[in-house]
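Here are the chains, one letter per residue:
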Amino acid sequence: MRAFSASSISAAILISVVISSSALASNGNRGLTAVPGLTASEWAHFQPLTRQQVQKAYQIVESDPTDANASGHLGMVLQAYERYLTALVCYQRAQILDPRSFRWPYYLGTLQAWLGKEPEAVATLQRALQLDGEYLPARVKLAEVLLAVGKWEESRKLYEA
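Definitions and cut-offs
- Residues numbered from 1 in each chain as written.
- Predicted model: local features only at pLDDT ≥ 70, side-chain atom pairs only at ≥ 80, totals over all residues.
- Heavy atoms only, no water.
- Helix = DSSP H or I, 4+ residues; strand = E, 2+ residues; numbered from the N terminus.
- Buried < 20%, exposed > 50% of the residue type's maximum accessible area, 1.4 Å probe, protein only.
- Areas by Shrake-Rupley, 256 points an atom, 1.4 Å probe, with all protein chains shown as cover.
- Phe/Tyr/Trp six-rings, centres within 6.5 Å; stacked < 30°, edge-to-face > 60°.
- Lys NZ or Arg CZ within 6 Å of the ring centre and 35° of its normal.
- Salt bridge = Lys/Arg side-chain N within 4 Å of Asp/Glu carboxyl O.
- pLDDT = per-residue confidence, 0-100.
- Contact = heavy atoms within 4.5 Å.
- Axes fitted to C-alpha atoms, helices over the stretch in contact; angles between N-to-C directions.
- Parallel < 35°, antiparallel > 145°, perpendicular 65-115°, else oblique.
- Left-handed = near helix turned anticlockwise from the far one by under 90°.

**Student:** Talk me through the overall build of the protein chain; I want residue IDs and the actual numbers.
**Tutor:** What the protein chain contains, in helices and strands, is nine helices and zero strands. Counting from the amino terminus, the protein chain carries its helices and strands in the arrangement α-α-α-α-α-α-α-α-α. The proportion of buried residues among the 161 residues of the protein chain is 40%. Accessible surface, the protein chain as shown: approximately 8800 Å² in total, 55% of it carbon and sulfur.

Take a look at the structure:
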């Protein structure tokens, strides 16, 4: 399991609450306007070229907060630069904005598993596979996570399939 600073954890929790509140208050996507935020201290941790990449992806999300692809892309950029908790929020947001897309629950579930959030990863990866049950890497990842949570029989069946 990775160690996270108290500020990054509290920022991610705050972002999750804002996004969850917006999603619950919305009717469809209309109320989902909060954009995942990065604190000033998080921006300061990025090197100049990295900061430019993150800012560009962030600005695209700010310009159209209802664009699932923009939110998901920001999540991928943040994940690449080890801002995992904020990346989780971006993937969750993308999944809310585009519930029929396979890739957002797949990326979210994969990152949840990597962060040691196996029970959440199982549910998220199962959701992804409901959308595209043929994608072999998702099936293998779910089998791995099921094994990690002690669901050996379910895992075995997936591996055999």
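**Student:** How would you explain the packing of aromatic side chains if you had to name every residue and give the values?
**Tutor:** Under the criterion given, the structure shown has eight aromatic pairs. On the basis of an interplanar angle of 20 degrees and a centroid distance of 6.5 Å, the ring pair of Tyr-91 and Trp-104 is categorised as stacked. Separated by 13 residues along the polypeptide, Tyr-91 in helix α5 (residues 84-97) and Trp-104 in helix α6 (residues 103-114) bring together distant segments of the chain. Here Tyr-106 and Tyr-107 contribute two aromatic rings whose centre-to-centre distance is 5.9 Å and whose plane-to-plane angle is 50 degrees, an arrangement assigned as tilted. By relative accessible area, Tyr-107 is classed as partly exposed at 28%. Directly above the ring of Phe-46 sits Arg-83, whose terminal nitrogen or CZ lies 4.9 Å from the centroid.

**Student:** I'd like a rundown of the pattern of salt bridges, residues and numbers included.
**Tutor:** In this structure the tally under the stated criterion is three salt bridges. Glu-153 is the partner of Arg-156 in a salt bridge, and the nearest nitrogen-oxygen pair spans 2.1 Å. You can see Arg-156 and its partner Glu-153 sitting in helix α9 (residues 152-160), three residues apart, about one turn around the helix. Given the relative accessible area of 36%, Arg-156 is considered partly exposed.

**Student:** Before we move on, can you summarise the environment of Val-89 with the specific residues and values?
**Tutor:** Tracing the sequence through the fold places Val-89 in helix α5. For Val-89, a relative accessible area of 2% puts it in the buried group.

**Student:** Describe the confidence of the model for the protein chain, listing the residues and the values that go with them.
**Tutor:** In regions of low pLDDT, the predicted coordinates are not meant to be interpreted in detail. Here the protein chain averages 81 in pLDDT, while 74% of its residues score no lower than 70. Segment residues 4-33 is flagged for pLDDT under 50; beyond a separation of four residues in sequence, or across chains, it makes 43 contacts in the model.

**Student:** Describe in detail the environment of Ser-71, supporting the description with residues and values.
**Tutor:** On the secondary structure map, Ser-71 appears in helix α4 (residues 68-80). Its relative accessible area of 0% is what places Ser-71 among the buried residues. The contacts of Ser-71, once residues within four sequence positions are left out, are Val-61, Cys-90, Arg-93, Ala-94 and Leu-97.

**Student:** Tell me about the packing of α6 against helix α7 (residues 118-131), residues and numbers included.
**Tutor:** Where α6 meets α7, the closest approach of the two axes is 8 Å, and the angle between their N-to-C directions is 160 degrees. The orientation of α6 with respect to α7, classified from their angle, is roughly antiparallel. As α6 packs across α7, the resulting crossing turns out to be left-handed. Contacts from Pro-105, Tyr-106, Leu-108, Gly-109, Thr-110, Gln-112 and Ala-113 of α6 reach α7 at Glu-118, Glu-120, Ala-121, Thr-124, Leu-125, Arg-127, Ala-128 and Leu-131.

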